[in-house]
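Chain and residue survey
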Amino acid sequence: MPRAVVVGGGAAGMSAASRVRRLQPSQEVVVLEATSLVSHAPCGIPYFLEGVFSDPSLFMTYTPEFFRSKRNIDVRTGAAVLEADLSARKLWYAQDGFRQVLEYDALIVATGARPVAPQIEGISGDRVFFVHHPAKAQFVKNQLSGASRIVIVGGGVLGVELAEAFSASGRKTILVHRGPYVMSRALDESMGRELTQRMVEAGIDLLLGREVIEVRDGGRTLVTSEGTLETDATVMAVGITPSVPFELPKGKTGAVKTDQFMRTGIPGVYAAGDVAESLNLITGQPDWQPYAPVANKMGFVAGSNVAGSEMRFPGVVGTLITKFRDTYVGKTGLNVKEAERFGFEPASAFIRAPVRAHYFPSLGEVLVELVGDQRSGRVLGGQVMGNVEVLGRLDFLAGLIAKGASVQDVFFSEMGYMPAIAGVWDPVIIAARQLLKA
């Protein structure tokens, strides 16, 4: 009986294992997961640290026992892969203190990503913490329980979410970011500075344009490019990198190189999720988008192909969304800086408009930035911010961008209108109209 082995029990891994099982009820499916958690994602960690929920088991969509008893998947937790002989199709792993060997017919590598540890002296101090894997969330929460002053290093999505989490419990929260505004890699300046201002108004101490040079006293003192900071704890949130467990071919992004079937080029070996590279549908270039929706679909595709049901993963446009307090902000496709880097001739329109008709009590405003290519007329990307209906507008743009739509296509898209929840001219349509004049 053929055996499919999945290394990594996160979103991609369990999606792949479940797909193999569904399509091949009699095939042996084994999952090796180094921690005690499966079907997990790190997205919930800031909310756990904030106190939105307190039970670490809620990080899991399903438990290991569910997969064993209900789906007949041999889930082996606490099983850390030590080495692999990919030509002989063998893995060696450690579980309960014993070294074991496992042969496979098909292997799906779904080992995710790991936090970037910058080359800074003193970074391994006892008061320096990295936030990424749910299995370590309780430890981090316990260690931070007595901290009244916390410094976050990094102003990307995770840094913004952690700033909300720590400040919500009344702690003095300082965020150090080397960019000119928060989320400076994802957002263009107008949107990024708006989010930055809202965080400042909420009491977050933002130290922008600074880099951490040295960590002293175990993480209680930070030497930055513009002075020294004292803190009870330092939390590093400077990014993540693919966690490639053994010798697999890497692409330009540093993630495992795969084709649209999630094959690695090594016979019988697939890769899926945050460890795997994909194709950007706008640029046509390799891309790496380590987000759970992408990971789940990659796992679904890998599992389908392992089970003999051919399926392709088409690629990504890069869609993300996060929040700070009651402000939601998201990005899909390319921003202006990215568009320029990939050789487009971008033009952008920035719109600030009320959510609904003027005669209703205000629900606040929505900010939209739309990016188009002046040569082809194609819509390249969009960013949306507000306290209501951000995700819907973002997903609307993501779908159009994935299909190669033009700015004119966006303008003529038929969006719903109801005075109580939307104006007759949606901000996205207004932005497209403005770009058409450019």
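This text gives an overview of the structure that appears in the document. A quick note: this is a predicted structure, and the numbers were derived from the prediction, not measured.

Here we take up the sheet that holds strand 9 (residues 128-130). One open sheet accounts for 5 strands, arranged 9-16-10-11-12; its pairing is parallel. Looking at strand neighbours, the two that pair on one side only are strand 9 and strand 12 (205-208), the edges of this open sheet. Going across the sheet, the axis of each strand differs from the next one's by a mean of 20 degrees, ignoring polarity. Sheet topology note: the strand 10 (residues 149-153)/strand 16 (residues 233-236) ladder contains 4 bridges and is parallel.

Evaluation of the coordinates by the stated rule reveals 17 salt bridges. In this structure, glutamate 338 and lysine 331 form a salt bridge, with 2.9 Å as the shortest nitrogen-oxygen distance. For the pair formed by glutamate 338 and lysine 331, the shared burial category is buried. What you see here is one network of salt bridges that share partners, running through Glu194, Arg198, Arg352 and Glu365.

Turning our attention to the pairing of strand 24 (residues 365-373). With 8 of its 9 residues buried, strand 24 lies for the most part within the structure. Both strand 23 (residues 346-354) and strand 24 contribute to a ladder of 9 bridges, which runs antiparallel. Across the sheet, residue isoleucine 351 finds its bridge partner in strand 24, namely valine 368. Relative to strand 25 (residues 379-386), strand 24 runs antiparallel, the two sharing 7 bridges. For valine 366, the partnering residue across the bridge sits in strand 25 and is glycine 386.

Here the focus is the sheet that holds strand 21 (residues 319-324). The strand order 21-22-25-24-23 describes an open sheet built from 5 strands, whose pairing is antiparallel. The open sheet has two edge strands with one neighbour each: strand 21 and strand 23. The average angle at which neighbouring strand axes cross in this sheet is 10 degrees, direction not considered. Sheet contacts for helix 9 (residues 390-402): strand 21, strand 22 (327-333), strand 24 and strand 25; angle to strand 25, the most-contacted strand, approximately 175 degrees. Where helix 11 (residues 427-437) meets the sheet, it contacts strand 23 and strand 24, and its direction lies at approximately 145 degrees from that of strand 23.

Among the surface-exposed residues, Tyr359, Phe360, Tyr417, Val424 and Trp425 lie close enough to one another that they form a single nonpolar patch of about 560 Å² accessible area. The topology assignment puts tyrosine 359 in the loop between strand 23 and strand 24.

For helix 5 (residues 157-168), with 12 residues, the first-to-last C-alpha span of 17 Å sits near the 16 Å given by 1.5 Å per residue. Most of helix 5 sits inside the fold, with 9 of its 12 residues counted as buried. Just beyond helix 5, the residue with positive phi is glycine 170, at close to 85 degrees.

Let us now look at the side chain of arginine 171. Within the secondary structure, arginine 171 sits in the loop between helix 5 and strand 11 (172-177). For the buried arginine 171, which has no salt bridge, the nearest side chain bearing the opposite charge is aspartate 232, at an N-O separation of 7.9 Å. One polar contact links arginine 171 to serine 169, side chain to side chain, over a distance of 3.0 Å. Setting aside residues no more than four positions away along its own chain, arginine 171 makes contact with Leu144, Ser145, Ala147, Ser148, Ile150 and Phe166.

Now for the layout of surface pockets. In this structure, the second largest pocket occupies an estimated 210 Å³ of space. Every residue lining the second largest pocket is counted, 13 residues in all, and those nearest its centre are Glu389, Arg393, Gly416, Ile421 and Ala422. A class-by-class count of the residues in the lining of the second largest pocket yields 8 nonpolar, 2 polar and 3 charged.

This part is about helix 1 (residues 11-23). Compared with an ideal rise of 1.5 Å per residue, which puts 13 residues at 18 Å, helix 1 spans 19 Å between its outermost C-alpha atoms and is within 8% of the ideal. Where burial is concerned, most of helix 1 is hidden: 11 out of the 13 residues are buried. Within helix 1, burial applies to Ala11, Ala12, Gly13, Met14, Ser15, Ala16, Ala17, Ser18, Arg19, Val20 and Arg21. Turning to helix 1, the residues buried within the fold contact strand 1 (3-7), strand 2 (28-33), helix 3 (64-70), strand 3 (74-77), strand 7 (106-109) and helix 7 (292-306).

Our next topic: the environment of leucine 367. Position of leucine 367 among the secondary structure elements: in strand 24. Among the residues examined, leucine 367 registers a relative accessible area of 0% and is labelled buried. Look past the residues within four positions of leucine 367 in its chain and what remains in contact with it is Met191, Glu194, Arg198, Phe350, Ile351, Arg352, Gln383, Val384 and Met385.

This next bit is on the side chain of glutamate 194. Note on placement: glutamate 194 falls in helix 6 (residues 189-201). Among residues more than four places away in sequence, those in contact with glutamate 194 are Arg352, Leu367 and Met385.

Now for a positive patch on the surface. Taken together, the side chains of Arg178, Arg185, Lys337 and Arg341 present a region of like positive charge at the surface. Mapped onto the secondary structure, arginine 185 falls in the loop between strand 11 and helix 6.

Side chains that are nonpolar tend, in soluble globular proteins, to be buried together. In terms of nonpolar packing, the biggest core is built from 49 residues, with Val5, Leu32, Leu91, Leu107, Val109 and Met262 touching the most fellow members. Counting only elements with at least two residues in this core, the list comes to strand 1, helix 1, strand 2, strand 5 (90-95), strand 7, strand 18 (269-271) and helix 7. Those residues in contact with leucine 32 that sit more than four places away from it in its chain are Val5, Val6, Val7, Gly8, Gly9, Arg76, Ala79, Val81, Leu91, Tyr93 and Leu102. Val160, Leu162, Ala163 and Met183 belong to the second-largest nonpolar core, a separate cluster that totals 35 residues.

Rules behind the numbers
Residues numbered from 1 in each chain as written. Predicted model: local features only at pLDDT ≥ 70, side-chain atom pairs only at ≥ 80, totals over all residues. Heavy atoms only, no water. Pairing = 2+ DSSP bridges. Helix = DSSP H or I, 4+ residues; strand = E, 2+ residues; numbered from the N terminus. Axes fitted to C-alpha atoms, helices over the stretch in contact; angles between N-to-C directions. Salt bridge = Lys/Arg side-chain N within 4 Å of Asp/Glu carboxyl O. Buried < 20%, exposed > 50% of the residue type's maximum accessible area, 1.4 Å probe, protein only. Contact = heavy atoms within 4.5 Å. Patch = residues over 30% accessible without salt bridge, like charges linked within 9 Å, V, L, I, M, F, W, Y side chains within 5 Å. Areas by Shrake-Rupley, 256 points an atom, 1.4 Å probe, with all protein chains shown as cover. Expected span 1.5 Å × (residues − 1). Lys, Arg positive; Asp, Glu negative; His and termini not counted. Polar contact = N/O pair within 3.5 Å; in protein donor to acceptor, adjacent residues only side chain to side chain. 1 Å grid on protein atoms, 1.4 Å probe; cavity = no way out; pocket = protein on both sides within 12 Å on 5 of 7 lines; lining within 4 Å. Points joined across faces, edges and corners; volume = space filled by probe spheres on them. Nonpolar A, V, L, I, M, F, W, Y, C, P; charged D, E, K, R; others polar. Charge placed at Lys NZ, Arg CZ, Asp CG, Glu CD. Core = buried A, V, L, I, M, F, W, Y, C linked by side-chain atoms within 4.5 Å.

These values are about where atoms sit, not about what they do.
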